[in-house]
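Survey of secondary and tertiary structure
This is what each chain is made of:
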Amino acid sequence: MLGEWDGESVGEDVWESCRELIPAGSVFAFLAEHREVIFPGMMFADMYPSANGRPSLPPQMLAATVVLQSLYGLSDFETVQELRCDLRWKAACGLGLHDTAFDPSLLTYFRRRLQRSSDPNRLFTKVREVVAATGVLKGKQRRTLDSTVLDDAVATQDTVTQLVAAIRRVIREVPSAQQVADQWCTAHDYTDPGKPKIAWNDEQARAELVDALVSDAVNLLGRLPDQELGEAAAHAVGLLALVAGQDVEPADGSDGRDGRWRIARRTVYDRTVSTVDSQARHIHKNRSRHQEGFRAHVAFEPEEGLFTEVALTAGSGAGNHEAAVAQDLLADEESPVTVLGDAAYSTGELREHLQAQGHDPVFKPPPLRPAVPGGFTTDDFDINTTAGQVTCPAGHTVLLGQVRQGGERQAQFRKLCADCPLRERCTKSKTGRVLTVHAKYDLLKAARDEAATSSDWQAEYRRWRPPVERAIAWLVARGNRRVPYRGVLKNDTWLHHRAAALNLRRLIHLGLTRTGSTWHLIPATT
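Quick summary incoming for the structure in this document.

Basis of the calculations
Residues numbered from 1 in each chain as written. Predicted model: local features only at pLDDT ≥ 70, side-chain atom pairs only at ≥ 80, totals over all residues. Heavy atoms only, no water. Buried < 20%, exposed > 50% of the residue type's maximum accessible area, 1.4 Å probe, protein only. Helix = DSSP H or I, 4+ residues; strand = E, 2+ residues; numbered from the N terminus. Arc of directions from axis to C-beta. Pairing = 2+ DSSP bridges. Polar contact = N/O pair within 3.5 Å; in protein donor to acceptor, adjacent residues only side chain to side chain. Salt bridge = Lys/Arg side-chain N within 4 Å of Asp/Glu carboxyl O. Axes fitted to C-alpha atoms, helices over the stretch in contact; angles between N-to-C directions. Core = buried A, V, L, I, M, F, W, Y, C linked by side-chain atoms within 4.5 Å.

1. Remarks on helix 6 (residues 105-115)
When helix 6 is considered as a whole, its buried residues turn out to be Leu107, Phe110, Arg111, Leu114 and Gln115. The buried residues of helix 6 all sit within an arc of 135 degrees when viewed along its axis, so they share a single face.

Okay, here's the thing in structure tokens:
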């Protein structure tokens, strides 16, 4: 049941007796004074629906603790130690001088209640309401978008480790799996969580081990008795099937039906990198840099330095691309804004969507890649989508073909390229140039022209795009480049708490105060 603060503390009230020791203008002093207002107890009533049982610790105290924990990037154990030993933390969270706080597991239970509630991001929402009440963003019509890769909280596993761990999980979670494994799984002693003992510098030994482990996985999955599986068992079976198939392919001379396997000479799309956190993914931020983890997305107001929305997603998949998530980041904007972003957001679909909503996209167009290094790009062709024809740099005109599945159309010059003097600058194809025209070509062409020729566009982008890099630096500071939990849901909630804490700190620096029932800003005087 919901616990309420009765006004009594263990020992002296730290805020009343040691106020002069708490740094003025800090998040600690602000929470000590306004904790009950910004995070009222009834704000969490739906998380404690039962009227029976032992009363919980006052949720406003836990909310203040979670905000400070997110701000300073501490573990649950470290957070409780601060509550026990640091006067600033005691004052901010309402603990008495002699209060020994609580067991760290209570923070886990509180976050779990938040995640399972109808509004898991209510702390971020509440701080955003304070932002709106101050009017600090009134008239601020710019939003900058960006994303960054956050490292996962678990170790990346190689193929052998994943196979052993996945087989062990099926044996542990699925009824009757142990009996099947005893009879059919012979490549490794699966009571041992470590790697099999082989000569790891022997390529043939490694190949034989992978073949045997995959065969064990196939035998185990194929011989489990038909039965209704619980959630944990079904997840274990699905994970083993995924791991057993993602990194292997039939061995040389095998058609895949004779049970001979080898490590695949490629990386499968959307590859699972760990059986401990099956939602973590291998992510390429660019051609040379890759990480394993999740992708954090932010919408940022660059003038005042506040996060207007954040989201954490898996690292791969069309629905997790920057341009796809951007629509959700801007969904709550009440009036049209200028939206700035790098080339990842410069898709025709997102531009069309934002313009339909009244927003002004200022996205850096991605560079066009010529078919021949230093040769002609798409913009060197005269493309008339209305008339349905394309004229090449040599003056040859052809009609655009039928609309293809992705909405694009093709202009096939082919035979016209045979004796063309510009062929070496246009194509390497023996059969001649085939130009694919994007479904949103006119929209993207206009954006490229504006970025290349408009001094106003260039000044806007150069002035207001860079501040979001500072926001990302704030977000990952204090060791927060690595997420603290496993899975998308838990880490998305953590990211919202982190953004809420940073927004609160920024508001306090801008002079956040409360008079009566009104939030407003009083800028510091020098």
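Continuing now.
2. Digging into the pairing of strand 5 (residues 290-301)
Burial of strand 5 is extensive: 11 of the 12 residues sit out of reach of the surface. Across four bridges, strand 4 (residues 281-284) lies against strand 5 in antiparallel orientation. Bridging across to strand 5, His284 finds its partner in His290. The pairing of strand 5 with strand 6 (residues 306-314) spans eight bridges and is classified as antiparallel. Across the sheet, residue Arg295 finds its bridge partner in strand 6, namely Thr313. Linking strand 5 back to strand 6 in an antiparallel pair, the connection comprises four residues, with Gly305 at a positive phi of about 80 degrees.

3. Comments concerning the side chain of Thr148
Relative to the helices and strands, Thr148 resides in strand 1 (residues 142-151). Polar contacts involving the side chain of Thr148 include one to the side chain of Arg481, which spans 2.5 Å.

4. Describing the pattern of salt bridges
Pairing between side chains becomes possible if they bear opposite charge and their charged atoms approach one another. Following the criterion strictly, the structure yields 23 salt bridges and no others. In this structure, the salt-bridge partner of Arg35 is Glu36, at a minimum N-O distance of 3.7 Å. In this structure Glu36 comes out as partly exposed when scored by relative accessible area, which is 31%. Salt-bridge contacts for Glu173 lead to Arg172; the nearest nitrogen and oxygen are separated by 4.0 Å. Take Glu173: its relative accessible area is 33%, and that puts it in the partly exposed class. On the basis of relative accessible area, Arg172 is assigned to the exposed category, the value being 53%. Overlapping salt bridges, with partners in common, bring together Asp146, Asp342, Arg465 and Glu469 in one network.

5. With respect to the sheet that holds strand 11 (residues 397-399)
Taking strand neighbours across the sheet as the criterion, the three strands line up as 9-10-11 in an open arrangement whose pairing is antiparallel. In the strand order of this sheet, the two ends are held by strand 9 (382-384) and strand 11, each with one partner. The average angle at which neighbouring strand axes cross in this sheet is 15 degrees, direction not considered. The pairing of strand 10 (residues 389-391) with strand 11 spans three bridges and is antiparallel.

6. Comments concerning the nonpolar core
Within the largest apolar cluster, 72 residues are counted, with the highest numbers of intra-cluster contacts made by Leu31, Phe39, Phe44, Phe110, Phe307 and Leu504. With nine residues, the single largest contributor to this core is helix 17 (residues 488-509). Val164, Ala236, Val237 and Ala244 belong to the second largest nonpolar core, which has 28 residues in total.

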